[in-house]
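Structural overview
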Amino acid sequence: MIDLKKGIFSVFQSQDADTEEKKKPLSKPTKNTSGPETRGDISSIDLLRQSCLNAHNEKRAKHNAPPLTLSDDLNEMAQKWAEHLGKTDKFEHSKGGTAGENLAAHSHLAIDTGEVITNMWYHEIKLYDFNKQGFSMATGHFTQVVWKSTSEMGVGMAKNENLGIYVFVANYTPPGNMLGSFEQNVEPAA
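Residues numbered from 1 in each chain as written. Predicted model: local features only at pLDDT ≥ 70, side-chain atom pairs only at ≥ 80, totals over all residues. Heavy atoms only, no water.

**Some thoughts on the packing of helix α2 (residues 44–62) against helix α4 (residues 113–122)**
So the rule is basically this: Every axis corresponds to a line fitted to the C-alpha atoms, with the helix fit spanning only the stretch in contact, and the corresponding angles, defined between N-to-C directions, vary from 0 to 180 degrees. Helix and strand labels come from DSSP, where a helix needs a run of H or I of at least four residues and a strand needs a run of E of at least two; each type is numbered from the N terminus. Handedness of a helix crossing follows the sense of rotation of the near helix relative to the far helix, less than a right angle counterclockwise being left-handed and clockwise being right-handed. The contact rule is simple, with two residues in contact once any of their heavy atoms fall within 4.5 Å. Put simply, Ala, Val, Leu, Ile, Met, Phe, Trp, Tyr, Cys and Pro go in the nonpolar bin, Asp, Glu, Lys and Arg in the charged bin, and everything else, Gly too, in the polar bin.
The geometry of α2 relative to α4 is characterised by a closest axis approach of 7 Å and an angle of 35° between their N-to-C directions. Helix-helix and strand crossings are classified by hand; for α2 and α4 the assignment is right-handed. Only T113, G114, E115, I117, T118, N119, W121 and Y122 of α4 make contact with α2, whose side of the interface consists of L48, S51, C52, A55, H56, K59 and K62. Of the residues in the contact of α2 with α4, the class split is 6 nonpolar, 6 polar and 3 charged.

**What about the nonpolar core?**
Threshold: To define a nonpolar core, start from buried Ala, Val, Leu, Ile, Met, Phe, Trp, Tyr and Cys residues and group those joined through side-chain atoms within 4.5 Å. Partly exposed describes any residue whose relative accessible area lies between the buried limit of under 20% and the exposed limit of over 50%, with all areas from a 1.4 Å probe on protein chains only and scaled to the type maximum.
Within the largest apolar cluster, 25 residues are counted, with the highest numbers of intra-cluster contacts made by I117, W121, M153, F168, Y172 and V186. Setting aside its immediate chain neighbours within four residues, I117 contacts C52, A104 and F168. Core analysis: the next-biggest nonpolar cluster, separate from the first, contains 11 residues, W81, A82, L103 and A158 among them.

**Concerning the pairing of strand β7 (residues 152–160)**
Stated formally: In this scheme, strands are said to pair when DSSP sees at least two bridges between them.
Burial of β7 is extensive: 7 of the 9 residues sit out of reach of the surface. Relative to β7, strand β4 (residues 69–70) is paired through 2 bridges, and the arrangement is parallel. By the bridge assignment for β7, T69 is matched with E152. Two elements, β7 and strand β8 (residues 165–173), share 9 bridges in a ladder whose sense is antiparallel. The partner of N160 across the bridge, within β8, is I165. Hairpin connection from β7 to β8: 4 residues lie between these consecutive antiparallel strands, with G164 at a positive phi of about 70°.

**Thoughts on a nonpolar patch on the surface**
We apply this condition: Residues form patches when they are more than 30% accessible in relative terms and have no salt bridge. Like charges link within 9 Å. Nonpolar side chains (Val, Leu, Ile, Met, Phe, Trp, Tyr) link within 5 Å. Surface accessibility follows the Shrake-Rupley procedure with a 1.4 Å probe radius. Residue values consider only the protein chains on display as shielding. Salt-bridge detection follows one rule: a side-chain nitrogen of Lys or Arg within 4 Å of a carboxyl oxygen of Asp or Glu.
On the surface, a nonpolar cluster with roughly 400 Å² of combined accessible area is contributed by F135, M137 and L179. Within the secondary structure, M137 sits in the loop between α4 and α5 (140–146). Under the relative-accessibility criterion, M137 is labelled exposed at 70%.

Remember, this is a structural readout, not a statement about activity or role.
Quick look at the structure:
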């Protein structure tokens, strides 16, 4: 568990110098803290989910993994856990679930936030040893993103009002990072 009050989340902030268009917020913050913010008839969570799905599928294609689809059930699961994390100032995986899970925190929402958090997880590829495949705490996010037998994902987000950051949860089924299955599910980039 990571206590978000200690500033650990800062390692998740984007270092990219992107265009001003990508840095524009998805929506202006509102006084309504009961759910994701909206802009017109499209909620920021819908934009985030699609951006995250697209980024995952781009990365998966490099590793000969089939594209994922969004699951309403996994979206709901991820959203509930993100809201829990946002209220508790904690940063820890859910317990006892049957889905794979990746977590991230970021300072703001922008058009490219789904891509940013996916790239953060994928960046762990630099630490992964394809010659000695297996689980590592340093590469588990990457391996879940490209896990070949995973077919569905869901994404949730919540704002931690105390700290002014956003917490993101991605859930996956079937889950990745299963011992004894890395060679069949994590291929080097083509």
